[in-house]
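Secondary and tertiary structure notes
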Amino acid sequence: EDALVLWLSILRMANRYSATLEGLFGRVLDVIKHDLEHLRSLMLLTEGYIFLGGADFLKSHSLTVCSILNEVVGQVRPRGASYTMLVFEALLRRFPAEGGHLLLQGGIAKILMVGCAKNYHKCQDCEEDQIVIY
């Protein structure tokens, strides 16, 4: 946790996107695949990378961002979903067209729609507090 807090502090203090920062981002996916315990820090990192790195970041790491969201969406409770929404908001605010395309192509929009539809229709296999996006 301390390493993630330090990483987030360095990212927030950075005044430009660098190759060093770019090289570190892949570790976010590694940590998420291992454990969702540090979801808050990892989503804040991802949000920070989207804003700081801009188009260069998205060009290099769109698949990684998509993989991160695929690991998280539908797998976390409301508190975790609120942190995940930071990434959605940053992605769609900074890149409205490209971000939407990424969510569609990566299957994330489908996961959200299926979860919302199951919740709306009160399906038995739906956990009501699993999906918080409407």
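Quick look at the structure, then.

Let us now look at the environment of Asn15. Residue placement: Asn15 occurs in the loop between α1 (2–13) and α2 (19–24). As for Asn15 and Leu52, which are separated by 37 residues in sequence, their C-alpha atoms are 8.0 Å apart.

The tally for this structure, following the rule as stated, stands at 6 aromatic pairs. The interplanar angle of 90° and the centroid separation of 6.2 Å between the aromatic rings of Tyr17 and Phe57 together place this pair among those described as edge-to-face. With Tyr17 in the loop between α1 and α2 and Phe57 in helix α4 (residues 39–72), the pair connects residues that are 40 residues apart, well separated along the chain. This pair shows no difference in class: Tyr17 is buried, exactly as Phe57 is. Ring geometry for Phe25 and Phe57: centres 4.8 Å apart, planes at 90°, overall edge-to-face. Residue Phe25 is found in the loop between α2 and α3 (26–34), and its partner Phe57 is found in helix α4; the two are separated by 32 residues along the sequence. Under the relative-accessibility criterion, Phe25 is labelled buried at 0%. Put simply, the rings of Trp7, Tyr17, Phe25, Tyr49 and Phe57 pair up and form one aromatic cluster.

Before going further, it helps to examine the side chain of Thr84. With respect to the helices and strands, the residue Thr84 is situated in helix α5 (residues 78–94). Setting aside anything within four residues of it in sequence, one finds Thr84 in contact with Leu39, Met43, Leu69, Val72, Val73 and Val76.

With respect to the helices, strands and loops of the structure, Lys110 is situated in helix α7 (residues 108–120). Once the C-alpha coordinates of Lys110 and Val31 are considered, the two residues, 79 residues apart in sequence, prove to be 24 Å apart.

A pair of packed helices is captured by two measures, namely the crossing angle of their axes and the spacing between those axes. Two elements in contact, α1 and α4, have axes separated by 10 Å at closest approach and are oriented at 20°. Looking at the two axes, α1 sits roughly parallel to α4. For α1 against α4, the interelement crossing comes out left-handed. Contact with α1, carried on its side by Leu4, Trp7, Leu8, Leu11 and Arg12, involves Ser41, Leu42, Leu44, Leu45, Gly48, Tyr49 and Leu52 of α4 and no other residues of that element.

What counts, and at which threshold
Residues numbered from 1 in each chain as written. Predicted model: local features only at pLDDT ≥ 70, side-chain atom pairs only at ≥ 80, totals over all residues. Heavy atoms only, no water. Helix = DSSP H or I, 4+ residues; strand = E, 2+ residues; numbered from the N terminus. Phe/Tyr/Trp six-rings, centres within 6.5 Å; stacked < 30°, edge-to-face > 60°. Buried < 20%, exposed > 50% of the residue type's maximum accessible area, 1.4 Å probe, protein only. Contact = heavy atoms within 4.5 Å. Axes fitted to C-alpha atoms, helices over the stretch in contact; angles between N-to-C directions. Parallel < 35°, antiparallel > 145°, perpendicular 65-115°, else oblique. Left-handed = near helix turned anticlockwise from the far one by under 90°.

None of the figures reported here should be taken as evidence of function without further support.
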